[in-house]
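# Understanding the architecture of this molecule
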Amino acid sequence: MSERVLEISNLQKSYGDNQVLKGVDLTLNKGEAVSIIGSSGSGKTTLLRCVNLLEEFHGGTVKIADKAIGYTETNGKRTRISNREITKDRALTGMVFQSFNLFPHLTALQNITLSLKKVQKKSNVEALEIANHWLERVGLPDRGDSFPGQLSGGQQQRVAIARAIAMNPLIMLFDEVTSALDPELINEVLDVIKALAGDGMTMLIVTHEMRFAYEVSKKVIFMNEGVIGVEGTPDEVFKNSNNERLVAFLKNTKF
Amino acid sequence: MMNLNTGFWHELWISIDDFAVGIGVALSVSALAVIMGTVLGVVIGLGLTYGNIVIRTLARIYVDIIRGIPVLVLILAFFYVLTIWGINLDPFQAGVLALGVFSAAHVAEMTRGALQNIHSGQREASLALGLTFSQTFISVLMPQALRQILPTWINTVIETVKGSTLVSIIGVVEITLVTQQIIARNFLTMKFYAVCALIYFCIGFSIERFGKYIEKKIAIK
């Protein structure tokens, strides 16, 4: 049996009266890529952000490598752990955002080395070595000294991927990483993610790129109104005709 | 008739030492006020941005009250009103304090504006990478905020230098008061006020140019 990296059970999250996650269960084994699809407002981004504790959640558990993150529970009472521990839990995952979020005042290399040095306390030489390695892997070996403003959107997003993965996380989280890109730049980013999947990186991908989800994932999850509507292999999900919501959703998306 | 050599150039020549002292005092008052205003202002600005409701309210009250009071009134207040509580500041100290307190309110507001203008994604990305808040602040937020603040901060420095003229009213012998004293001696009113204005212009212009230079140097590419 393969090693379980992520185990989400009965995850619940509300904004005031509005419950956005209504008990989500999801598991992810080492080396698996799982895509989450669904219309906006279905809770898929929120789900992803709960996994690295950028969002608080109000019920259920998230376990990474068999350790519950973010909260402790004693006698049925949940308490959020200290910020210091949350910071540690966050380091288990790496996240890539829709809007890149590179640090504009730092070069591509410095963007990657900053957390290697500050969080992992690596030496400058070591950090640079890792950063250069990953820049090469995302196809930007000679752009290390460029500032984000001097790079195209696709290049920026590839640097952001390198930055997250250089921290050697157990899971990579991709949050609609191509939604802010011009159509002609989407593929260069998707190709990088595909290559990472090919290397056996464990990843959870929220995406609107159906063909990409179909090609890259071992499992696809369709989220609808805060619950998992359908899940299965890409074939099972994309050729599913039993779930009305899914059929309607797929009809309205490009494949 | 006695040959009173009252030619402008001669008068200017014999006033150089006085002006030098005046410039020195004006620059010291301004520099100390700017240092104080910047340190205090950044702290208050942090309170405005990240403080809890109590800290935020206190900071907001400080900023709004100080920004609503003319600097001249602040200067007089620090010099005269504080004596009620037995605090006797000499004119130089009162002047520095008043200008410092005043510029702190402006720096606080700039700091808040700059920090709040930084896209929330910057903080989220830092958190996601495992940086603590202080690491994020030092390496990610502050460097960006500083670049944004710089042009307005330079403006505050220039305003403070110009505001330092007002401490002449409590007897600090800075450029303006020196000018008045010289005029009392030679009655060359127009000419010496022109010299006074020229001196202020040179100081202000130099600061502005220097600011532009730094701005260009640290601009985000």
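Residues numbered from 1 in each chain as written. Chains lettered and ligands numbered in written order. Predicted model: local features only at pLDDT ≥ 70, side-chain atom pairs only at ≥ 80, totals over all residues. Heavy atoms only, no water.

## Things to note about the overall build of chain B
Across its full length, chain B holds eight helices and zero strands. Order of helices (α) and strands (β) in chain B, N terminus to C terminus: α-α-α-α-α-α-α-α. The C-alpha radius of gyration computed for chain B amounts to 22 Å, which surpasses the reference 17 Å derived for 221 residues by more than 25%, pointing to a less compact arrangement than a globule. In terms of overall dimensions, chain B has a C-alpha envelope of 85 × 50 × 20 Å along the principal axes. For chain B, the proportion of contacts with a sequence separation of at least 24, taken over those separated by at least 6, is 75%. A total of about 11700 Å² of accessible surface is found on chain B, and carbon and sulfur atoms cover 71% of it. (Helix = DSSP H or I, 4+ residues; strand = E, 2+ residues; numbered from the N terminus. Rg over C-alpha atoms; globule rule 2.2 N^0.38 Å. Contact = heavy atoms within 4.5 Å. Areas by Shrake-Rupley, 256 points an atom, 1.4 Å probe, with all protein chains shown as cover.)

## Some remarks on the overall build of chain A
Across its full length, chain A carries nine helices and 12 strands. For 255 residues, the compact-globule estimate of 2.2 N^0.38 gives 18 Å, and the C-alpha radius of gyration of chain A, at 18 Å, lies within 12% of that figure. Overall, chain A is about 50 × 45 × 40 Å in size when its C-alpha atoms are taken along their principal axes. Split into buried and exposed, the 255 residues of chain A put 53% on the buried side. For chain A, the share of sequence-separated contacts (at least 6 apart) that also reach a separation of at least 24 residues comes to 64%. The distance from the centre of the 30 positive side-chain charges to the centre of the 30 negative ones in chain A is 4 Å. (Buried < 20%, exposed > 50% of the residue type's maximum accessible area, 1.4 Å probe, protein only. Lys, Arg positive; Asp, Glu negative; His and termini not counted. Charge placed at Lys NZ, Arg CZ, Asp CG, Glu CD.)

## Some remarks on the sheet that holds strand β11 (residues 219-224) of chain A
All names here are of chain A. One open sheet holds the six strands; their spatial order is β8-β9-β10-β3-β11-β12, and the pairing between them is mixed. A strand with exactly one partner marks an edge of an open sheet, and here the two such strands are β8 (93-96) and β12 (227-232). Going across the sheet, the axis of each strand differs from the next one's by a mean of 20 degrees, ignoring polarity. Across four bridges, the pairing between strand β3 (residues 33-37) and strand β10 (residues 203-206) is parallel. Note on β10: the bridge partner recorded for Ser35 is Ile205. This element, helix α5 (residues 153-165), spans β8 and β9 (171-175) of the sheet and lies at about 170 degrees to β8. (Pairing = 2+ DSSP bridges. Axes fitted to C-alpha atoms, helices over the stretch in contact; angles between N-to-C directions.)

## What about the nonpolar core?
Core analysis: the biggest nonpolar cluster contains 89 residues, and Leu6(A), Phe174(A), Met203(A) and Leu204(A) have the highest contact counts within it. Broken down by element, this core gets its largest block of residues, eight residues, from helix α6 (residues 183-198) of chain A. Core analysis: the second largest hydrophobic core is formed by 22 residues, Val34(B), Val157(B), Leu188(B) and Phe192(B) among them. (Core = buried A, V, L, I, M, F, W, Y, C linked by side-chain atoms within 4.5 Å.)

## Describing the pattern of salt bridges
Throughout the structure, instances matching the rule amount to 20 salt bridges over all chains. One salt bridge in this structure joins Lys162(B) and Glu159(B), with 3.5 Å as the shortest N-O distance. Highlighted residues: Lys162(B) and Glu159(B), both in helix α6 (residues 133-163), separated by three residues, approximately one helical turn. You can call Lys162(B) partly exposed: its relative accessible area is 44%. When its relative accessible area of 46% is taken as the criterion, Glu159(B) is described as partly exposed. Each of Lys13(A), Arg49(A), Glu55(A) and Glu124(B) takes part in a single network of salt bridges with overlapping partners. (Salt bridge = Lys/Arg side-chain N within 4 Å of Asp/Glu carboxyl O.)

## Overview of the interface of chain B and chain A
At the junction of the two partners, chain B supplies 20 residues and chain A supplies 25 residues. The contact between chain B and chain A buries some 1900 Å² in all, and 64% of this surface belongs to carbon and sulfur atoms. Counting the contacts that link chain B with chain A gives one salt bridge. Glu124(B) is the partner of Arg49(A) in a salt bridge, and the nearest nitrogen-oxygen pair spans 2.7 Å. Summed over the shared surface of chain B and chain A, the number is six residue pairs in polar contact (both at pLDDT 80 or more). It is helix α5 (residues 120-128) of chain B that provides the largest number of residues to the side of chain B that touches chain A, a total of seven residues. The residue inventory of the side of chain B that touches chain A, partitioned by class, reads eight nonpolar, nine polar and three charged. (Buried area = accessible area lost by both parts, 1.4 Å probe. Polar contact = N/O pair within 3.5 Å; in protein donor to acceptor, adjacent residues only side chain to side chain. Nonpolar A, V, L, I, M, F, W, Y, C, P; charged D, E, K, R; others polar.)

## A look at the confidence of the model for chain B
Residues and elements named next belong to chain B. Summary statistics for chain B give a mean pLDDT of 92 and a share of 97% for residues scoring 70 or more. Per-element confidence in chain B ranges from a low mean pLDDT of 92 for helix α7 (residues 175-186) to a high of 96 for helix α2 (residues 53-67). At the level of chain-chain contacts, confidence expressed as ipTM amounts to 0.90, with global pTM at 0.85. (pLDDT = per-residue confidence, 0-100.)

## What to know about the packing of helix α3 (residues 108-118) of chain A against helix α4 (residues 124-137) of chain A
All names here are of chain A. Interhelical geometry of α3 versus α4 gives an angle of 130 degrees and a closest axis separation of 9 Å. Between α3 and α4, the crossing angle belongs to the class labelled oblique. Crossing handedness for the pair α3 and α4: right-handed. Contacts from Leu109, Ile112, Thr113, Leu116 and Lys117 in α3 reach Asn124, Ala127, Leu128, Ile130, Ala131, Asn132 and Leu135 in α4. Looking at the contact of α3 with α4 residue by residue, the classes come out as eight nonpolar, three polar and one charged. (Parallel < 35°, antiparallel > 145°, perpendicular 65-115°, else oblique. Left-handed = near helix turned anticlockwise from the far one by under 90°.)

## Regarding the sheet that holds strand β2 (residues 18-29) of chain A
Strand order in this open sheet of four strands is β2-β1-β4-β5 (chain A), and the pairing throughout is antiparallel. Only two strands of the sheet have a single partner each, and these edge strands are β2 and β5 (67-68) of chain A.

## A few points about the state of the cysteines
Counted under the stated rule, the structure contains zero disulfides over all chains. The closest cysteine sulfur to the non-disulfide-bonded Cys196(B) is located on Cys202(B), 12 Å from its own sulfur. (Disulfide = S-S within 2.5 Å.)

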